[in-house]
There are 2 protein chains.
Amino acid sequence: MSEELAGVLERIENAIESRDDAKVRELTENLHYADLAQVYEDAAPENREFFAEILGSDKFSEVLPDLPDTLVEDALEQFEPAEQREMLDSLPDDDRVDILQDVSESKRQDFIDLLDEEKRNSTRTLLRYGEDTAGGRMTTQIGKIRANMTIKDAIDFLRDDVESTETMARIFVVDAQDRLLGKVRLRDLAFNPWDTPIRDILTDEEPSILASADQEEAAKMLARYDMVLLPVVDEANRLLGVITADDAIEILEEESTEDMEKAAGIAGETSEETYLNTALITHFKRRAGWLVILALLAILSGFVMMHFEQTLTDIFLLSLFLPMVVAAGGNTGGQASTMVIRAMALGELDPSDTARVAWKESRLGLCLGGLLALVIGLVAIFAPPAFGATLPDGNNFTQFGLAVAIALAVQVTTSTLIGALLPIGARAVKMDPAVIAAPAITTIVDVIGMVIYFTVAASILNLPS
Amino acid sequence: MSEELAGVLERIENAIESRDDAKVRELTENLHYADLAQVYEDAAPENREFFAEILGSDKFSEVLPDLPDTLVEDALEQFEPAEQREMLDSLPDDDRVDILQDVSESKRQDFIDLLDEEKRNSTRTLLRYGEDTAGGRMTTQIGKIRANMTIKDAIDFLRDDVESTETMARIFVVDAQDRLLGKVRLRDLAFNPWDTPIRDILTDEEPSILASADQEEAAKMLARYDMVLLPVVDEANRLLGVITADDAIEILEEESTEDMEKAAGIAGETSEETYLNTALITHFKRRAGWLVILALLAILSGFVMMHFEQTLTDIFLLSLFLPMVVAAGGNTGGQASTMVIRAMALGELDPSDTARVAWKESRLGLCLGGLLALVIGLVAIFAPPAFGATLPDGNNFTQFGLAVAIALAVQVTTSTLIGALLPIGARAVKMDPAVIAAPAITTIVDVIGMVIYFTVAASILNLPS
C-alpha cells in the first residue's frame, strides 16, 4: 500500500473514532471499494455500524464482496431487509453467492428469500457447487450468442443484457443446445460489417474447465495460457459461466499463502482477515498443533543423544560440531523440499518424475555435502587445536576433521534426497506435500543426523576403553 | 497440468526424438503456445532446431514469449534474419521488449536494426525502462481516444488500430496533451447512440501507476482493486501504456516463488526454466552459499554446548530434552516470521506496526510456550523414571520437569518474538525480510536456546560439586 493511501485510511479511522460524519464522508468520497472494505475491517467493532451507515446501502453493497468472510453476516445485518434485498440484488451473481456462502445457514435462507424469483433460482443453482470448485467461483453473467446469428442480431441480443453482463472482453458462441463452440471479441462485432454471420468470425475456443474441477486448477490454467477469461462447462460441454483473471489472482495468492504457512507448520485455513485483525485465539489454534507434535517427536533426537552418552563424554569436543551437522541436514532438506514442492505447485513435476528428481538431487546432495565437508573439515582440523582443545590419546585432529567431514557429507546427501523425495511421495499417496514435508523432514533429518554423526565418529576415532 | 495434456506432450517428445515430422505436425496442430513452449524447453538441445523448423517462424513467434529467458537467444538464432524480422515484427511490443532484454547486448542491437523505424523507436523507448519496472512490463498497444470525440469519431479512430491493439477491454480517454482523463468500455461505444460525446460516457479512471514504479507494486494494485488493466503514466500523468491482469499473475507467482526460496536459504534469481530443466550447477550455486554460512554459524551452538560440558555430563539426562528445546525455538520462530513476512508481502503490515506485532506475538509466545511447557514438563516428570533413568542425589523429577518446562517456555516466548520482529526490523532498514529472516532466526534461536536450557537447568537443579 502506498504511504499516501495509508495516510488517508488513518485519517478516516480517526474521523470514525471521533464520530465526525462530515469528515468521514469527505474522505471516503473518492475511495476505492477495496480500501473502504479495509477501513471497515480495521475499525473497532463498535464503530462499524456508524461507518456502514455513512456509506449507505448503495455504496456498501460494493464493499461487501471485499470483506473477510467472518465479517459479512454482521455487516449485512446492520441494514434493514429492504436494503439487504437491494444490496444482494445489485451484486454480480458470483459475488452474491460468495457472500451467501459466508453467512450462517439459518440466515442464508432468509437472504435468498429476499431475492426475486429469477435471481433466487440462479443463486440456488450456483450454491450447489462447492465453494472451492470452478463452478462455485464462476460468474454466469457473461455475453453469450448463437453461431447462426449475424453481427446485427448479436448486438441486438446483447444490448438487452449489457448492464447486467459482468464482462464482455470475450463473447462466447454456443449452439442450440448451449454447447460451447468458440468465442468472438467485442471488437470483432464493433469493427465488422453488420451482416457478417457470427459463424464466420468465431475463433475456436481453446481451453475450458469443468464446473466440478478445483478452483486452483482453473487459476493455473488461466495463468498458464495468459487468459483473461476461462469458460466453465458441464459434462456435456454446455457453457455455464467464466472464471476471470482477477479471480485467478486471488486464488493463486491464497494458495501461495497456504503453502508457505503449511511449510512452517501452521495448520488450518488461512485467515481472510489481515494478520493484525485475526484474533489471538485463531493464531494460537493454527500454530499450537504442529508445535506440540514436533516437540514430542524431537524427544527422539534426545534418545539418540542419550544412547551415545559414552561417545560424547569420551570426546566432548564432538559437541562442537554436533549442532552444525544436525542443522545442515535440516537446511539442505528444507531447500530440496521447497524446490520440489514449489515445482509441483507450478505444475512442473509429478510423481512420474521421481527417478529424475532422485538422480538430480543425489548428485546435488553429493556436491553440496562435498563442499561443506571440505570447508568444515578444514575448520575441524585446524580450529580446535588453535583454541587449545585436546583429544584423548591415540587420536589426532586430522582423524577428527575427517570424522566430522564424512558425517557431514553423508548427512547432507541423505537429507537432500529425503527432502526432495518426501513431498513427491506424499503427492503419490494423495497427501498434501506442503503439509507433510516440512515437519516430517525436520524430525527424520535430526534423528538420522545424530545417528550418522556419532556412528561415524565412533568408527573413525579411538575411544578410550 | 492435466494427465491428458501431459500424455500429449510426452507423445510429441517421443515423435521429436524419432524425428517423425508428420507425427509432430499432427500432434502440435491444435496445441496452445504455452504448451509448445514447454515441449521446446523439455526437448534435448540437439532436437530443438528440428522442432522449431517444423513449427515455422510464424507459429514459433508466438512460442518465443513463453520460453525461459536463457533459451530465447538460441531459439531466435535458428531462423534466418528475414524470418527473425517477421517474428519480432509480429509480436506485441511488450513481448518484443521482453525478448530483447533476454538476448546478449551484442545481438540486441542487430535484432533492433531489423525492425522498421516506428517499431525500432518505440522498442528503444521501452527498453529504457528497467526490466522490473511497470514501464518495462507495460504494453503500449492500447485503445486511446480523445475526450472531445463522439462515439462515431472514436470508432473510426480505433478502427485503424484494431488489429495491432492488444487489449480493448478498456479504452482510455486522454486530453490534447495525452494526459489520462478516464476510460470507457468498448460496450459503451457499441451500445450507445453514435453522436454521444465521449466526455459524457467516460468514467473517471481510478488507480494508475508511474512507469518507474516496481512491477510488483503494479501487480499488487491490480490484485487489490480487481482490475483487468492498470494504466501506466509518466510524471505529468501522460498515458504510456497498461499492465494487464495476466502480467500481474506472472509477477505475483514469481514473487511468491522467490519468497519461498529465500525462506529456505536459496539465493539468487528464481530460474525461469522448470526445476528439471535447470542445470545442476545453477541449483548448486543457488543453494551452496547459505549452507556454508549457516554451517559456520551453527558452530556457535557447539561452543555453547562445550561451555556447559560440566552441566551436561553431571546430568546427562538433560540431553533427552536438549534437541527438543532448541528445535521448538526454531519452529515457533519460523511460524512467527512466516506470518509476518507474508503479511508484509500482502501489504497488511509495515514497520509502523511494530508495537502491535510485538504485543500480539509476545502474548502468543506466552500462550504457546505455556502450552508446550505443560505438555513436555509432564513428560519430563513422568517418562524418565518410567524408563529407569536416575538423577544425581539431591534432585527429583519434579524439579527436573520444572527446569525443562521453564526453559521451554522462555525459549518459545523469546523465539516467537524474535521471529516476528526480525523481518520487520529488516524491512525498516530496507533489507529484504525474506532473505534475512530465516537464516538469522535459525542461528540466533539455536544459540539462545542452548544458553537458556543449560542456565535454567543449572539454577534449578543441584549439580554434584
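Bear in mind the structure is a predicted one, so any value in this text is a computation, not a measurement. (Residues numbered from 1 in each chain as written. Chains lettered and ligands numbered in written order. Predicted model: local features only at pLDDT ≥ 70, side-chain atom pairs only at ≥ 80, totals over all residues. Heavy atoms only, no water.)

J.: Is there a simple way to think about helix H2 (residues 21-28) of chain A in this case?
T.: Given 3.6 residues per helical turn, the α-helix brings residues three or four places apart onto the same face. Residue and element names in this part refer to chain A. For H2, the set of buried residues is Val 24, Leu 27 and Thr 28. Taken end-on, H2 shows its buried residues confined to a sector of 90 degrees, consistent with a single buried face. Among the exposed residues of H2, those oriented more than 90 degrees off its buried face are Ala 22 and Glu 26. Elements that come into contact with the buried residues of H2 comprise helix H1 (3-17), helix H3 (33-42) and helix H4 (45-63). (Buried < 20%, exposed > 50% of the residue type's maximum accessible area, 1.4 Å probe, protein only. Helix = DSSP H or I, 4+ residues; strand = E, 2+ residues; numbered from the N terminus. Arc of directions from axis to C-beta. Contact = heavy atoms within 4.5 Å.)

J.: What should I look at first to understand the domain arrangement of chain A in this one?
T.: Looking at the assigned domains, one finds that chain A contains domain 1 (3-128), domain 2 (137-244) and domain 3 (280-460). If you average the C-alpha positions of domain 1 of chain A and of domain 3 of chain A, the two centres end up 51 Å apart. (Domains from an automatic or database assignment.)

J.: What is the right way to look at the interface of chain A and chain B in this model?
T.: One frequent convention defines the size of an interface as the accessible area lost when the parts assemble. Contact with chain A, which involves 108 residues of that partner, is made by 108 residues of chain B. Approximately 10,300 Å² of surface area, both sides summed, lies buried where chain A meets chain B, with 71% of it carried by carbon and sulfur atoms. Summed over the three residues of chain A that lose the most area to chain B, namely Arg 187, Phe 191 and Tyr 275 of chain A, the buried surface amounts to 8% of that side. Applying the counting rule to chain A against chain B returns 6 salt bridges. Put simply, chain A and chain B have 24 residue pairs in polar contact (both at pLDDT 80 or more) between them. (Buried area = accessible area lost by both parts, 1.4 Å probe. Salt bridge = Lys/Arg side-chain N within 4 Å of Asp/Glu carboxyl O. Polar contact = N/O pair within 3.5 Å; in protein donor to acceptor, adjacent residues only side chain to side chain.)

J.: When you look at the pattern of salt bridges in this model, what are you seeing that I'm missing?
T.: Any two side chains of opposite charge can pair if their charged atoms end up close together. Residue and element names in this part refer to chain B. One pass over the full model with this rule turns up 34 salt bridges over all chains. Lys 262 is paired through a salt bridge with Asp 432; the nearest N and O atoms lie 2.5 Å apart. Linking Lys 262 in helix H15 (residues 245-263) with Asp 432 in the loop between helix H20 (397-428) and helix H21 (433-460), this pair joins segments that are 170 residues apart in sequence. Since its relative accessible area comes to 17%, Lys 262 is described here as buried. Asp 432 gets classed as partly exposed once you look at its relative accessible area, which sits at 30%.

J.: Help me understand a negative patch on the surface, please; the structure alone is not making it clear to me.
T.: A grouping of Glu 131, Asp 132, Asp 214, Glu 217, Glu 254, Glu 269 and Glu 272 of chain A is seen on the molecular surface, where their side chains present a negatively charged patch. Relative to the helices and strands, Asp 214 of chain A is located in the loop between strand S5 (209-210) and helix H14 (215-224). (Patch = residues over 30% accessible without salt bridge, like charges linked within 9 Å, V, L, I, M, F, W, Y side chains within 5 Å. Areas by Shrake-Rupley, 256 points an atom, 1.4 Å probe, with all protein chains shown as cover. Lys, Arg positive; Asp, Glu negative; His and termini not counted. Charge placed at Lys NZ, Arg CZ, Asp CG, Glu CD.)

J.: Can you help me understand the packing of helix H1 (residues 3-17) of chain B against helix H2 (residues 21-28) of chain B in this one?
T.: For any two helices packed against each other, one specifies the inter-axial angle together with the distance between the axes. Residue and element names in this part refer to chain B. Running from N to C, H1 and H2 cross one another at 160 degrees; their axes reach a closest spacing of 8 Å. Taken together, the axes of H1 and H2 are roughly antiparallel relative to one another. Remark: the crossing between H1 and H2 carries left-handed chirality. Counting all contacts with H1, which are made through Val 8, Arg 11, Ile 12, Ala 15 and Ile 16, the residues of H2 involved are Lys 23, Val 24, Leu 27 and Thr 28. Grouping the amino acids of the contact of H1 with H2 by side-chain chemistry returns 6 nonpolar, 1 polar and 2 charged. (Axes fitted to C-alpha atoms, helices over the stretch in contact; angles between N-to-C directions. Parallel < 35°, antiparallel > 145°, perpendicular 65-115°, else oblique. Left-handed = near helix turned anticlockwise from the far one by under 90°. Nonpolar A, V, L, I, M, F, W, Y, C, P; charged D, E, K, R; others polar.)

J.: Just checking my understanding: could you explain the sheet that holds strand S5 (residues 209-210) of chain B for this structure?
T.: Within a beta sheet, neighbouring strands are joined by backbone hydrogen bonds and run either parallel or antiparallel to one another. All names here are of chain B. The strand order across the open sheet formed by 3 strands is S5-S6-S7, and the pairing between neighbours is mixed. Single-partner strands in this sheet number two, and they are S5 and strand S7 (239-244). Across 5 bridges, the pairing between strand S6 (residues 229-233) and S7 is antiparallel. Bridged to Val 233 within S7 is Leu 239. Docked against the sheet, helix H14 (residues 215-224) engages S5, S6 and S7, running at close to 140 degrees with respect to S6. (Pairing = 2+ DSSP bridges.)

J.: Just to check I follow, could you spell out the nonpolar core for this structure?
T.: Most often, soluble globular proteins have nonpolar side chains that are buried together. One finds Phe 60 of chain A together with Phe 60 of chain B to be the most contacted residues of the largest nonpolar core, which totals 114 residues. With near-sequence residues (within four places) excluded, Phe 60 of chain A lies in contact with Tyr 40, Ala 52, Leu 55, Leu 67, Ala 75, Phe 79 and Met 87 of chain A. In terms of nonpolar packing, the next biggest core, distinct from the first, is built from 88 residues, Phe 321, Leu 322 and Phe 454 of chain A together with Leu 368 of chain B among them. (Core = buried A, V, L, I, M, F, W, Y, C linked by side-chain atoms within 4.5 Å.)

J.: Looking at this structure, I do not really get the confidence of the model for chain A. What am I missing?
T.: As a general rule, the predicted coordinates of low-pLDDT regions are not to be interpreted in detail. Predicted confidence across chain A gives a mean pLDDT of 89, with 97% of residues reaching 70 or more. For this predicted complex, the interface confidence reaches an ipTM of 0.85, while the overall pTM sits at 0.86. (pLDDT = per-residue confidence, 0-100.)

J.: Where do I start with the packing of aromatic side chains in this structure?
T.: Each pair of aromatic rings is reported with the distance of its centres and the angle of its planes. Residues and elements named next belong to chain A. Overall, the coordinates contain 14 aromatic pairs over all chains when judged by the stated rule. Each ring, one from Phe 321 and one from Phe 400, has its centre 5.9 Å from the other, and the planes form 55 degrees; the classification is tilted. Within this pair, whereas Phe 321 is found in the loop between helix H17 (309-314) and helix H18 (322-345), its partner Phe 400 is found in helix H20 (residues 397-428), the two being separated by 79 residues in sequence. For Phe 321, a relative accessible area of 1% translates into the label buried. (Phe/Tyr/Trp six-rings, centres within 6.5 Å; stacked < 30°, edge-to-face > 60°.)

J.: Would you explain the side chain of Asp 234 of chain B in this entry?
T.: Residue and element names in this part refer to chain B. Take Asp 234: it is sitting in the loop between S6 and S7. Residue class for Asp 234 comes out buried when judged on its relative accessible area of 14%. Side-chain polar atoms of Asp 234 contact the backbone nitrogen of Arg 238, separated by 2.9 Å. With near-sequence residues (within four places) excluded, Asp 234 lies in contact with Leu 210 and Leu 240.

J.: I tried to follow the relation of the copies chain A and chain B on my own but got confused; where do I start?
T.: Each of the two chain copies goes to the other by way of a rotation about an axis and a shift along it. When chain A is fitted to chain B, the residual RMSD is 0.1 Å, and the transformation amounts to a turn of 180 degrees plus an axial shift of 0.0 Å. Classification of the inter-copy transformation places it as that of a two-fold axis. (Least-squares fit on C-alpha atoms with pLDDT ≥ 70 in both.)

J.: Explain the side chain of Lys 360 of chain A to me, please; I cannot follow it from the model alone.
T.: Note that Lys 360 of chain A resides in helix H19 (residues 354-386). Reaching out from Lys 360 of chain A, the side chain makes a polar contact with the backbone oxygen of Thr 278 of chain B at a distance of 2.6 Å. For Lys 360 of chain A, the residues in contact, after removing those within four places along its chain, are Tyr 275, Leu 276, Thr 278, Leu 280 and His 283 of chain B.

J.: Explain the layout of surface pockets here, please?
T.: Residue and element names in this part refer to chain B. Taken as a whole, the second largest pocket encloses approximately 640 Å³ of empty space. Put simply, the parts of the chain that give the lining of the second largest pocket at least two residues each are helix H7 (93-102), helix H9 (117-127), strand S1 (142-146), helix H11 (151-159) and S7. Residues that form the lining of the second largest pocket fall into these classes: 10 nonpolar, 7 polar and 10 charged. (1 Å grid on protein atoms, 1.4 Å probe; cavity = no way out; pocket = protein on both sides within 12 Å on 5 of 7 lines; lining within 4 Å. Points joined across faces, edges and corners; volume = space filled by probe spheres on them.)

J.: Would you mind going over the environment of Met 450 of chain B with me for this structure?
T.: Along the chain, Met 450 of chain B falls in helix H21. Using a relative accessible area of 5% as the deciding quantity, one classes Met 450 of chain B as buried. Each C-alpha atom, one on Met 450 of chain B and one on Ala 6 of chain B, is 50 Å from the other, the two residues being 444 residues apart in sequence. With residues near it in sequence (within four places) discarded, Met 450 of chain B still touches Pro 323 of chain A together with Ser 301, Val 304, Met 305, Leu 322 and Val 326 of chain B.

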